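The chain contents come next:
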Amino acid sequence: MQETVISIQSAEKTFPNGVQGLAPITLDIFPKERISLIGPSGCGKSTLLKLIANLHQPSEGSLSWWNKDFSEVGKENHRLSFVFQEPTLMPWSTVRKNVRLPLDLEGIAPAVSEPRVQEALKVVGLEHAAERFPAQLSGGMKMRVSIARALVTRPNLLLMDEPFGALDELTRNRLDEDMANLCGKDDLTLLFVTHSLYEAAFLSTRVMVMAAHPGRIFAEYEIDPAIPRDEAFRLSDTFAMICQDLSKLLIEASHSSLVAKVA
Ligand SMILES: Nc1ncnc2c1ncn2[C@@H]1O[C@H](COP(=O)(O)OP(=O)(O)OP(=O)(O)O)[C@@H](O)[C@H]1O
Ligand SMILES: [Mg+2]
């Protein structure tokens, strides 16, 4: 059996108030994939991410993590981190202490945690700002602290819900490149929600286009993992073609959501 990072078997989510957040979804996610979820508002992107993070339980169907139960996550090389839309930093702590928090909570001694904090800060290019407080950082820097805090646990699966949504285009491009490099080097699987099809086209190896009413996967779009994700790719005809394809799928998904709502 091929190892999956996440295997979702006919999982659906109906909330206690009767709203069907997600119709049954079946999806396998494999090591080192970079999957983006795009789709109209309310199509269940966050709900799907929360099912995968075990923050929601499916009403029907099941999920497995590395072919095991969620209780096994955190053991061996099976770690999961979540980056929320807002950086949610502790304002009274320095960047270094904010990043170290997950390791402090695990009771890991500073002698062990400090080099890992340093490594995570280096990845996001914030070594120089380690002693600053959140109020002294720009929006993009705060988001990078939040990503460093997720990386410090050395996750094998990183879940991100619109992490760069509030950032300007250049900062966002820079972070997208950082993430692409990071995933290339490490044994990291990435699943992220974005409203930007350019971001999806740049970072992903597979794009899941979702539709609403009910929330579901409408289409899948594969992007060759071997394409180097750099500035040249962003300016290439291939990139323009991928964006065009995704744009069409997104329009079809939106129409399908409206039809389903009216019907
Ligand atoms: N806790 C909840 N209780 C009831 N309904 C919910 C709850 N959370 C989400 N929903 C509903 O489930 C559906 C999917 O919501 P979800 O937040 O997953 O959408 P989304 O695709 O992330 O949207 P957005 O792009 O606006 O963030 C929506 O109809 C939403 O109103
Ligand atoms: Mg959402």
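Residues numbered from 1 in each chain as written. Chains lettered and ligands numbered in written order. Predicted model: local features only at pLDDT ≥ 70, side-chain atom pairs only at ≥ 80, totals over all residues. Heavy atoms only, no water.

Looking at an unreviewed UniProt entry, the protein chain carries the name Nitrate/sulfonate/bicarbonate ABC transporter ATP-binding protein, with the source organism given as Acetobacter pomorum. Checking UniProt for the protein chain, the heading Sequence similarities (unreviewed entry) contains the comment "Belongs to the ABC transporter superfamily." (UniProt positions renumbered as here; feature names shortened; annotations may be inferred.)

For the layout of surface pockets, give the residues involved together with the corresponding values.
Looking at the largest pocket, its volume works out to about 390 Å³. Lining the largest pocket we find 18 residues, and of these Leu80, Ser81, Pro102, Arg149 and Thr153 sit closest to its centre. Elements that contribute at least two residues to the lining of the largest pocket include exactly β5 (80–83), α2 (95–105) and α4 (139–151). For the lining of the largest pocket, the element with the highest residue contribution is β5, accounting for four residues. Looking at the lining of the largest pocket residue by residue, the classes come out as nine nonpolar, five polar and four charged. Two domains share the lining of the largest pocket, each providing at least three of its residues, namely domain 1 (6–79 + 156–262) and domain 2 (88–154). (1 Å grid on protein atoms, 1.4 Å probe; cavity = no way out; pocket = protein on both sides within 12 Å on 5 of 7 lines; lining within 4 Å. Points joined across faces, edges and corners; volume = space filled by probe spheres on them. Helix = DSSP H or I, 4+ residues; strand = E, 2+ residues; numbered from the N terminus. Nonpolar A, V, L, I, M, F, W, Y, C, P; charged D, E, K, R; others polar. Domains from an automatic or database assignment.)

Got a sec to walk through empty space enclosed by the protein? Specific residues and values, please.
Counting across every chain of the model gives one cavity of 30 Å³ or more. Lining the largest cavity, in full, are Val123, Val124, Ile147, Leu151, Leu175, Asp178, Met179 and Leu182. For the lining of the largest cavity, the secondary structure elements donating two or more residues are α4 and α5 (169–185). Per element, the largest residue contribution to the lining of the largest cavity is four residues, and it comes from α5. Classifying every residue of the lining of the largest cavity by side-chain character gives seven nonpolar, no polar and one charged. Formed jointly, the lining of the largest cavity draws a minimum of three residues from each of two domains, domain 1 (6–79 + 156–262) and domain 2 (88–154).

Any details on the sheet that holds strand β9 (residues 216–222)? Residues and values, ideally.
One open sheet holds the six strands; their spatial order is β5-β6-β7-β3-β8-β9, and the pairing between them is mixed. Every interior strand has two partners, whereas the edge strands, β5 and β9, have only one. Geometrically, the sheet is characterised by an average inter-axis angle of 15° between neighbouring strands, direction not taken into account. As paired strands, strand β8 (residues 206–211) and β9 are joined by six bridges and run antiparallel to one another. (Pairing = 2+ DSSP bridges. Axes fitted to C-alpha atoms, helices over the stretch in contact; angles between N-to-C directions.)

With reference to specific residues and values, describe the site of ligand 1.
The immediate surroundings of ligand 1 are formed by Phe15, Asn17, Val19, Gly21, Ser41, Gly42, Cys43, Gly44, Lys45, Ser46, Thr47 and His195. One of the backbone nitrogen or oxygen atoms of Cys43 is found 3.2 Å away from an oxygen atom of ligand 1. One of the side-chain N or O atoms of Lys45 is found 2.7 Å from an oxygen atom in ligand 1. Alone, ligand 1 offers 640 Å² of accessible surface; in the complex the protein occludes 63% of this. No other element matches helix α1 (residues 45–52), which puts three residues into the shell around ligand 1. Of the residues that constitute the shell around ligand 1, the class distribution is three nonpolar, eight polar and one charged. (Near = heavy atom within 4 Å. Polar contact = N/O pair within 3.5 Å; in protein donor to acceptor, adjacent residues only side chain to side chain. Areas by Shrake-Rupley, 256 points an atom, 1.4 Å probe, with all protein chains shown as cover.)

Can you tell me about the packing of aromatic side chains, naming the residues and giving the values?
In the structure shown here, the tally under the stated rule is four aromatic pairs. Taking the centre distance of 6.0 Å and the plane angle of 35° together, the rings of Phe202 and Phe233 count as tilted. In this pair, Phe202 sits in helix α6 (residues 197–203) while Phe233 sits in helix α7 (residues 231–234), placing the two residues 31 residues apart along the sequence. Owing to a relative accessible area of 5%, Phe233 belongs among the buried residues under this scheme. (Phe/Tyr/Trp six-rings, centres within 6.5 Å; stacked < 30°, edge-to-face > 60°. Buried < 20%, exposed > 50% of the residue type's maximum accessible area, 1.4 Å probe, protein only.)

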